[in-house]
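# Working through the structure, step by step
In case you want the letters, here they are:
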Amino acid sequence: MDRKKSFALSRAIDDIVDYANSTVDEMEIYEVSSDDYLRKWWRFDKAAREISDAVKILETYPMLPWNHAVAAKSSENAWRRPYHNALAHLFKKTDTVIC
């Protein structure tokens, strides 16, 4: 098994989990409830499927999980823009508290 690709897969998994955790933490801190932005944005299931597929074939086909890692990372990157749009929309509201 290629060490570099195994490490890249583990980093992709770690990045996705870290991003999910920080997002949930921010939602709790700012008391953000689900809305249309969040429903459009919330696509962790695609990344989770990619990770699951990568891990299932890791031992049998050690070179193929790399493709799943790339797809999972791409999915994570795609979440950033909708998330920032939702934050921008939140701060345009008149009831947003700024200290």
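Relevant structure appears above.
Residues numbered from 1 in each chain as written. Predicted model: local features only at pLDDT ≥ 70, side-chain atom pairs only at ≥ 80, totals over all residues. Heavy atoms only, no water.

### A few points about the overall build of the chain
Put simply, the test is: In this text, helices come from DSSP runs of H or I with a minimum length of four residues, and strands from runs of E with a minimum of two, each type numbered from the N-terminal end. We call a residue buried when its accessible area falls under 20% of the maximum for its residue type, exposed when it is over 50%, and partly exposed in between, using a 1.4 Å probe and counting protein chains only. Contacts were defined at the residue level, with two residues in contact if any of their heavy atoms lie within 4.5 Å. Method for areas: the Shrake-Rupley scheme with a 1.4 Å probe, in which residue coverage is limited to the protein chains shown.
Across its full length, the chain carries 4 helices and 0 strands. Traced from its N-terminal end to its C-terminal end, the chain shows the element sequence α-α-α-α. Burial status across the chain gives 25% buried among its 99 residues. Once local pairs closer than 6 in sequence are excluded, the contacts in the chain between residues at least 24 apart make up 69%. Surface exposure of the chain reaches about 7200 Å², of which carbon and sulfur atoms provide 57%.

### Overview of the packing of helix H1 (residues 3–29) against helix H4 (residues 65–92)
Under the convention used in this document: Only the contacting stretch of a helix is used when fitting its axis, a line to C-alpha atoms as for every element, and angles between N-to-C directions run 0 to 180 degrees. In this scheme, roughly parallel covers angles under 35 degrees and roughly antiparallel covers those over 145, while 65 to 115 is roughly perpendicular and the rest are oblique. Less than a right angle of anticlockwise turn of the near helix away from the far helix marks a crossing as left-handed, whereas a clockwise turn marks it as right-handed. In this classification, the charged set is Asp, Glu, Lys and Arg, the nonpolar set is Ala, Val, Leu, Ile, Met, Phe, Trp, Tyr, Cys and Pro, and all remaining amino acids, among them Gly, are polar.
Viewed as axis vectors pointing N to C, H1 and H4 meet at an angle of 25°, and their least axial separation amounts to 9 Å. In terms of their interaxial angle, H1 and H4 are classed as roughly parallel. When you trace H1 past H4, the crossing you get is left-handed. Side by side, H1 and H4 meet where Lys-5, Ala-8, Leu-9, Ala-12, Asp-15, Ile-16, Tyr-19, Thr-23 and Glu-26 of the first sit next to Pro-65, Trp-66, Ala-69, Ala-72, Lys-73, Glu-76, Trp-79, Arg-80 and Tyr-83 of the second. Here the residues of the contact of H1 with H4 sort into 11 nonpolar, 1 polar and 6 charged.

### Section: the side chain of Glu-50
To be explicit about the condition: Here a polar contact is taken to be a pair of N or O atoms separated by no more than 3.5 Å, where protein atoms must pair a possible hydrogen donor with a possible acceptor and residues adjacent in sequence count only if both atoms sit in side chains.
In this structure, Glu-50 sits in helix H3 (residues 44–57). Of note is the side chain of Glu-50, whose polar atom sits 2.7 Å from the side chain of His-68. Beyond its immediate chain neighbours, meaning those up to four positions away, Glu-50 contacts His-68, Ala-71 and Ala-72.

### Topic: H4
In plain terms, the rule: A helix is expected to span 1.5 Å multiplied by its residue count minus one.
With 28 residues, H4 extends 42 Å between its outermost C-alpha atoms, agreeing within 8% with the 40 Å of an ideal straight helix rising 1.5 Å per residue. Those residues of H4 not exposed but buried are Pro-65, His-68, Ala-69, Ala-72, Ser-75, Glu-76, Trp-79 and Tyr-83.

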